[in-house]
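# Observations on the model geometry
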Amino acid sequence: MIRIESYVRGAWHTAGADPRPLHDPTTEAAIAECGSAGIDFGAVVTHGRDVGGPALRSVGFATRAGWLKALSQAIHERRDELIAVSARNGGATRGDAKFDIDGATGTLAAYAKLGAELGEVNFLPDGDGAQLGRTGRFWGQHVRTPRPGVALHVNAFNFPCWGMAEKLAQSLLAGVPAISKPGTPTALVAWRCAQAIVASGVLPDGAFQFVAGSTGDLLDHLGPQDHLAFTGSAATGAKLKGHARLIGTNCRVTLEADSLNAAILGPDVDTDADVWGTFLGNLVVDMTQKTGQKCTAVRRILVPEAMLDAVVEELKVRLGAVVIGDPADEATRMGPLTDAAALATVQTGMRQLLAVSEALTGGPERIRDRGYFVAPTLLLANDIDADVLHELEVFGPCATILPYTGDAAEAIRLANRGGGGLVASLYSNDKRWSEDVVLGIAPWHGRLWIANDKVADQALQPGMVLPVTIHGGPGRAGGGEELGGRFGMEFYMQRTALQGDQGFVGRRFGKPGSEPA
Ligand code: NAP
């Protein structure tokens, strides 16, 4: 039995008591144990704050960028091993695993490039300077500096590599040491990734710590210069955000939670449009990639009534052709759900949705005697306004078609009923309709993905989270904002208004090239 270790205070730690078993979701065999008993979490926080932080901030962005580049390479070198372990721990197909691992190395590389551009300094000018006094001599300039605390990164189980790496990229480049806690169901994959990071020897002591299992009383040790960056369900996020110590100290908290992502087909699109194929292709990918365990996966499909039959017919064929099985088999396109708990939650959720819909494909029943397998489940809503369709995230291969009139106003109303989303996707060649929908749903979404015939053949899929554009969303999506290049670093930096002599404040801290005359 593999014993997953934590990496704390510069050493690997094996849990003593009460480890939690992890199972291969294809065979249900126990493969590893995970736990954090025996860790002194107060000392972990102090080690990061007092040892890792000063070491990170003793160099500038450009040097830290070089470290990120090296980490990206170190993880890439273990790509094949990570792909293999992702199949056994988590049920990821080769494609699913590459999505996670290459997402990790790509995001680290993107932040390495950004850091090299920022140069060997330790602050970022924020916006333009402004005249404050009677003349330009008394000047104001906002500046961002790295906060001298630690960052606790709590990650969801579904992206063990990418989730860890994308948070590390932003935090380490900003100059803030990280304590990374993976979702336990896929902690074996995350541990292999952490081993690559530690073995690379790239980072200074204390810059990276890894806690597999519970975080114990760690939150009780966070303070006003510290950070909690959480990814997971809205329910867990709300619980952590309400932690008395975090509230009492104004510890910074950002949440990336769940989302009832909508795909909206415009009323102008018929089966001849290029974007028609893009729409269908994306739906199938979103429902089946990572077995639907993707925060950005489509959950609600808004289809104009006139196109309903065509959409249903095509999706039934395409979903019926998806090869389900052992993720280690090359031919498999969709593997099992990650663990027994995920299976039970998905089955319960599907049954709740079926109270207001009918199943066009799949359903909540297991499709194999062994393993946590369900089929891609496409539902058709009987009542498009039923609350459960807009409130319950079934974190699996499940989405519901909501037939609507095709009016922009109705599309906006339905999309926004999700209460805040990570991403919504639009498919239309009607610019007027698209503009109305964009402006109507933008305040409720962190990202809008907009396809027409011009980009149908080259648009990256809406489920892809890119380092240069922000990820996050308002309301139930958590209210957080990650990535987006420099935006993602701002959480880890303090914005301070500098007011003083323009020759000092403007010249030393203003944007390069915008020095006052
Ligand atoms: P989860 O059950 O909410 O757990 C998320 C993380 O929180 C895990 O690491 C979990 O650890 C940890 N956690 C739970 N209770 C905690 C506590 N009291 N103190 C400290 N940590 C605690 O979510 P999940 O099942 O891992 O992930 C699926 C959910 O995440 C879905 O709802 C999905 O939409 C969402 N998600 C969102 C994004 C995004 O970027 N917005 C990305 C991926 C997933 P344990 O595993 O050890 O319990």
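Residues numbered from 1 in each chain as written. Predicted model: local features only at pLDDT ≥ 70, side-chain atom pairs only at ≥ 80, totals over all residues. Heavy atoms only, no water.

## Thoughts on the nonpolar core
Grouped together as the largest cluster of nonpolar side chains are 62 residues, with contacts concentrated most on Ile 4, Leu 68, Phe 210 and Met 489. Mapped onto this core, the elements with two or more residues apiece are β5 (30-34), α2 (61-77), α3 (79-88), α4 (94-118), α5 (162-174), α6 (187-200) and β10 (208-210). Setting aside residues up to four positions removed in sequence, Met 489 forms contacts with Phe 61, Tyr 111, Leu 114, Leu 118, Leu 124, Gln 170, Leu 173 and Ala 174. If you look at the next biggest cluster of nonpolar residues, it comprises 32 residues, including Ile 264, Val 388, Cys 398 and Leu 402. (Core = buried A, V, L, I, M, F, W, Y, C linked by side-chain atoms within 4.5 Å. Buried < 20%, exposed > 50% of the residue type's maximum accessible area, 1.4 Å probe, protein only. Helix = DSSP H or I, 4+ residues; strand = E, 2+ residues; numbered from the N terminus. Contact = heavy atoms within 4.5 Å.)

## Quick notes on the site of the ligand
Taken together, the neighbourhood of the ligand is formed by 27 residues, with Thr 184, Ser 233, Thr 236, Glu 393 and His 471 sitting nearest. Phe 157 is positioned such that a nitrogen or oxygen atom in its backbone is 3.1 Å from an oxygen atom of the ligand. Here an oxygen atom of the ligand and a side-chain polar atom of Thr 184 are 2.5 Å apart. Here the ligand has 910 Å² of accessible area as a free molecule, and 82% of this is covered by the chains. In terms of residues, the shell around the ligand owes the most to one element, helix α7 (residues 234-241), which gives 3 residues. Class assignment of the residues belonging to the shell around the ligand gives a composition of 11 nonpolar, 10 polar and 6 charged. (Near = heavy atom within 4 Å. Polar contact = N/O pair within 3.5 Å; in protein donor to acceptor, adjacent residues only side chain to side chain. Areas by Shrake-Rupley, 256 points an atom, 1.4 Å probe, with all protein chains shown as cover. Nonpolar A, V, L, I, M, F, W, Y, C, P; charged D, E, K, R; others polar.)

## Topic: the packing of aromatic side chains
For the coordinates displayed, the defined rule picks out 10 aromatic pairs. Look at Tyr 427 and Trp 449: their rings are 5.3 Å apart centre to centre, the planes differ by 50°, and that puts the pair in the tilted class. Of this pair, Tyr 427 sits in strand β18 (residues 421-427) while Trp 449 sits in strand β19 (residues 445-451), placing them 22 residues apart in sequence. Judged by relative accessible area, Trp 449 falls into the buried class, the value being 9%. Counting every residue linked through ring pairs, the aromatic cluster contains Trp 276, Phe 279, Tyr 427 and Trp 449. (Phe/Tyr/Trp six-rings, centres within 6.5 Å; stacked < 30°, edge-to-face > 60°.)

## What to know about the domain arrangement of the protein
As far as domains go, the protein holds domain 1 (39-257 + 480-509) and domain 2 (261-468). A separation of 31 Å is found between the C-alpha centroids of domain 1 and domain 2. With 24 residues of domain 1 at the contact, the number on the domain 2 side is 25 residues. For the domain 1 and domain 2 pair, buried surface summed over both sides reaches about 1,800 Å², with 61% attributable to carbon and sulfur atoms. Three residues, Asp 96, Phe 99 and Asn 158, lead the burial of domain 1 against domain 2; their summed loss comes to 27% of the area buried on that side. Inspection of the domain 1/domain 2 interface yields 1 salt bridge. For Asp 326, the salt bridge goes to Arg 88, with nearest N and O atoms at 3.4 Å. Counting only elements with at least two residues in the side of domain 1 that touches domain 2, the list comes to α3 and α4. The element best represented in the side of domain 1 that touches domain 2 is α4, accounting for 7 residues. (Domains from an automatic or database assignment. Buried area = accessible area lost by both parts, 1.4 Å probe. Salt bridge = Lys/Arg side-chain N within 4 Å of Asp/Glu carboxyl O.)

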